[in-house]
Amino acid sequence: MGAAASSAVKLDSRTVIDPAVWADPYPFFDRLRQEHPVWLVPGLDLAFVATHELIVDALRRIDDFSNHLDVLLITGDDGNPELFRTDEFGEGTTTLATADPPEHTVHRSVVFPELVARRMEAMRPEIEAFIDEQFAAARSQGTRVNAPGATAGIASKSGSKTSRVEWANTVAHPVPARVIGRLIGLPDESWPDVMKWALHGGLLLAGFLTRETMAAITEESVQAGAFLFAKLVEAGENPGDDLVGVCAKAVADGDLDVSHAVGTLTVLLGAGGESTASLIGNAVRMLAEDPALQEQIRADHSLLENFIEEAVRLESPFRGHYRQVKRDCELGGVTLKAGTTAFLLWSSANRDPAEYERPDEVVLNRRIPRSHLAFGRGIHHCVGAPLARLETFCSLERLLQETSWFSLADDDPPRWEKSVFVRRHEHLPLDMTWN
């Protein structure tokens, strides 16, 4: 990252809700790492933590940094950033990913064996079936265009069809919604609502919402909670081996109260949908804009697993997570007062040159490919990370099998979701040459 690019980024309170900064946040992160690894945002009880070393330090200090989501960033009516207290949402915001021990230990123990040990690899045929259905939709959409292989110097197969596909909303978003819906135990026909609700969780954390717009998004979350509560009640009568059944049984056994059970399912719905949708979109966009990389992986599919780790490192689906400072303490020589909100920037740590050689490049032979923080670390490491990797692997493998080439659309650039929190494409048009 060039020094001129990073130094051009202003560091004031408006920076944290500047859409241009978050469309390409890496110069901003670079300046923070070099000059203010713990940056106290002027006028706000908010600190951004940018280096790998200091983020790992904060993660270890659970007595100083709480995982409770008490406060998040919004945009005030005057266009300036504000902090919003989540207790305005009511109960249920402290569960699983936003809980501390001992509650976190209980919540995680309910879902972790089911999510990882029993259901993950067993779902592979279902995941592949969902991908097949979405690829069928992709093949049938759009109009024929000139073969992108010609402009990329790749010969197209005789008689092959090249068409425009909107990848984000045809594959990247629907597949994780269908998978997490099936894993939780929701009706297959409800997956469009599941996709909407999964992505709405990220919107609440976007940072660009005002109180008025947050009210509308919150109403969607209330509907999702009511839907999950109804399914939890149904499962209580005859709990199955899906997650809603596991949570219903935990409620019946007294291990979870109902609000935490609904909160746990809500967190899994949002995290399982949002993070994987982001990863599938980002990984494909990276291959589409780098012909040499795409050719290399087409020639050797054994590189896919390491490529996925580089994709999730370089474009972390969640840019970071909030922590609440529980008591006066220091981090990186900066005094943080109790009550301050810290935003731990995974996506900055994952490009920290103090931790990674060639931090801004895809390096397929990294010595420890999973050393990144994109899925968190320690007690809050994402329980669904194996599922996200599996869905992404199956999607990419099928894409490489079904096409001879794909590239970004020259006349319709990708668009990012406008968010401080997530790195997801809302629009990702590709020109695909089908086999």
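Right above here is the structure, for reference.
Residues numbered from 1 in each chain as written. Predicted model: local features only at pLDDT ≥ 70, side-chain atom pairs only at ≥ 80, totals over all residues. Heavy atoms only, no water.

**Structural notes on the packing of helix α6 (residues 124-140) against helix α9 (residues 174-184)**
At a minimum axis distance of 10 Å, the contact between α6 and α9 shows a crossing angle of 145°. Every pair of crossing elements has a handedness; the one defined by α6 and α9 is right-handed. Packed against α6, whose contacting residues are E126, I127, F130, I131, E133 and Q134, the element α9 presents P174, V175, R178, V179 and R182 at the interface. Taken together, the residues of the contact of α6 with α9 sort by class into six nonpolar, one polar and four charged. (Axes fitted to C-alpha atoms, helices over the stretch in contact; angles between N-to-C directions. Helix = DSSP H or I, 4+ residues; strand = E, 2+ residues; numbered from the N terminus. Left-handed = near helix turned anticlockwise from the far one by under 90°. Contact = heavy atoms within 4.5 Å. Nonpolar A, V, L, I, M, F, W, Y, C, P; charged D, E, K, R; others polar.)

**Considerations on the packing of helix α10 (residues 191-204) against helix α11 (residues 211-237)**
Running from amino to carboxyl end, α10 crosses α11 at an angle of 140°, the nearest separation of the two axes being 10 Å. When the axis of α10 is compared with that of α11, the two are oblique. α10 and α11 meet at a crossing whose hand is left-handed. Listed contacts from α11 to K196, W197, H200, L203 and L204 of α10 are M214, I217, T218, E220, S221, Q223, A224 and F227. (Parallel < 35°, antiparallel > 145°, perpendicular 65-115°, else oblique.)

**Here's the deal with unusual backbone geometry**
The backbone of R358 sits at a positive phi, close to 45°, despite the residue not being glycine. One can find R358 in the loop between α16 (346-349) and α17 (385-402). Judged by its relative accessible area of 47%, R358 is partly exposed. (Buried < 20%, exposed > 50% of the residue type's maximum accessible area, 1.4 Å probe, protein only.)

**Focus: the pattern of salt bridges**
Under the counting rule described, the total for this entry stands at 29 salt bridges. Note that E35 is salt-bridged to R31, the shortest N-O span being 2.9 Å. Residue E35 and its partner R31 are located together in helix α3 (residues 26-35), separated by four residues, close to a single helical turn. A relative accessible area of 40% means that E35 is categorised as partly exposed. The shortest N-O distance in the salt bridge between R398 and D132 comes to 1.8 Å. (Salt bridge = Lys/Arg side-chain N within 4 Å of Asp/Glu carboxyl O.)

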